[in-house]
Each structure stands twice: as C-alpha cells, then as structure tokens.
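Here's the letter readout for the chains.
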Amino acid sequence: MSKTGKLFLLISLLTFCTILPAQEENKPDPEEMLAKELDRLTFSLKLEDWQVYYVDSILHNDYYGMVKELEGMQKSRVSNPDLYQAVQDKWMESTQKAYQKYFSAGQWALYLKQGGQRAINEREKRRARQAGIKDKKKK
C-alpha cells in the first residue's frame with residue numbers, strides 16, 4: 001500500500017473513531033427529555049402540584065410503553081415505517097387523552113394552542129392517508 005493510501009486509511013479511521021463517540025453523546029437521555037417536557041408543561045400551563053404528579057406519571061408510562069412496543073417491532077424486524085408511526089401516534093393520542101382528564105378547560109385550550117392541536121391534526125391526516133391507501137388496495 002502506498003504512503004498516500006496508508007495516510008488516507010489512517011485519517012479515515014481517526015475520523016470514524018471520533019465521530020462514533022460523538023454520536024453516542026448526542027443521543028438524548030430519555031429521563032432528561034421527559035423532565036424537560038414536564039418543566040415546559042408545568043410552567044407554560046401553570047400546573048398545580050397534583051397535576052405535575054399526574055403529568056409526570058403519564059409521560060413516563062406512555063413514553064416507556066411506546067419504547068417497549070417499538071423495540072418489540074424492531075426485534076420482529078418490521079420494516080414498514082408507517083407501522084412505527086402508527087405506534088407513535090397511538091401513544092401520543094393516549095398521552096393527550098390522559099392530559100385532557102387532568103387539565104382544566106383553560107389549560108387544555110392553552111395546550112392545544114401551543115401545539116397540541118397541530119399534533120392532533122397531523123395524526124388525523126396520517127390516518128386519513130392510510131385509510132385512503134387501504135381503500136385503494138381493496139378496489
């Protein structure tokens with residue numbers, strides 16, 4: 001192997017070895033992510049202490065339930081991205097239904113205004129698109 005080839009190989013290996021650990025560092029910590037979302041909801045909606053308890057429980061239960069289901073699909077080698085999206089939608093819908101039980105009418109309206117309604121609309125569009133695809137296959 002020429003000196004240029006060896007140099008290129010060495011640079012490639014060094015680059016790969018430095019990029020790989022950096023990617024692992026960028027992986028979000030689930031607990032930190034859940035805590036940030038809880039803080040965001042607590043401050044933006046002015047949740048009371050008892051509501052914070054329930055929202056924290058909802059976030060943890062639904063997030064880890066979703067992760068478990070997605071990991072099961074991954075182990076089963078499911079390759080259809082629409083199925084993964086459907087699982088995420090199912091758990092997000094569950095989360096929002098639980099939120100609605102514990103938020104006051106004003107808090108729920110504010111939650112919807114801050115992006116909750118957009119998420120609902122996006123889920124409905126995906127469902128409609130999937131239903132349209134299924135209807136076309138039946139014909």
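Right above here is the structure, for reference.
The rules behind these values
- Residues numbered from 1 in each chain as written.
- Predicted model: local features only at pLDDT ≥ 70, side-chain atom pairs only at ≥ 80, totals over all residues.
- Heavy atoms only, no water.
- Helix = DSSP H or I, 4+ residues; strand = E, 2+ residues; numbered from the N terminus.
- Buried < 20%, exposed > 50% of the residue type's maximum accessible area, 1.4 Å probe, protein only.
- Polar contact = N/O pair within 3.5 Å; in protein donor to acceptor, adjacent residues only side chain to side chain.
- Contact = heavy atoms within 4.5 Å.
- Axes fitted to C-alpha atoms, helices over the stretch in contact; angles between N-to-C directions.
- Left-handed = near helix turned anticlockwise from the far one by under 90°.
- Nonpolar A, V, L, I, M, F, W, Y, C, P; charged D, E, K, R; others polar.
- Core = buried A, V, L, I, M, F, W, Y, C linked by side-chain atoms within 4.5 Å.

**Student:** How would you explain the side chain of Thr 95 if you had to name every residue and give the values?
**Tutor:** Among the structural elements, Thr 95 can be located in helix α4 (residues 81-102). The class of Thr 95 is buried, set by a relative accessible area of 7%. A polar side-chain atom of Thr 95 sits 2.7 Å from a polar atom in the side chain of Asp 62. Filtering out sequence-adjacent residues up to four positions away, Thr 95 remains in contact with Ile 58 and Asp 62.

**Student:** Summarise the packing of helix α2 (residues 30-45) against helix α3 (residues 49-75); cite the residues concerned and give the values.
**Tutor:** Between α2 and α3, the least distance of the axes is 10 Å, while the angle of their chain directions is 145°. In this structure, α2 meets α3 at a crossing whose hand is right-handed. Of the residues in α3, those in contact with Pro 30, Glu 31, Met 33, Leu 34, Glu 37, Leu 38, Leu 41 and Thr 42 of α2 are Val 52, Val 55, Asp 56, Leu 59, His 60, Tyr 63 and Tyr 64. Classifying every residue of the contact of α2 with α3 gives 10 nonpolar, two polar and three charged.

**Student:** Residues and numbers for the environment of Val 67, please.
**Tutor:** Mapped onto the elements of the fold, Val 67 is located in helix α3. For the pair Val 67 and Val 87, spaced 20 residues apart in sequence, the C-alpha to C-alpha distance is 9.5 Å.

**Student:** Residues and numbers for the nonpolar core, please.
**Tutor:** Across soluble globular proteins, nonpolar side chains have a tendency to be buried as a group. If you look at the biggest cluster of nonpolar residues, it comprises 22 residues, and the most contacted ones within it are Leu 41, Val 55, Tyr 99, Phe 103 and Tyr 111. Secondary structure elements with two or more residues in this core: α2, α3, α4 and α5 (105-138). Ranked by residue count, the leading element in this core is α3, at seven residues. In contact with Tyr 111, not counting residues within four places along its chain, are Leu 41, Leu 45, Met 92, Gln 96, Tyr 99, Phe 103 and Gly 116.

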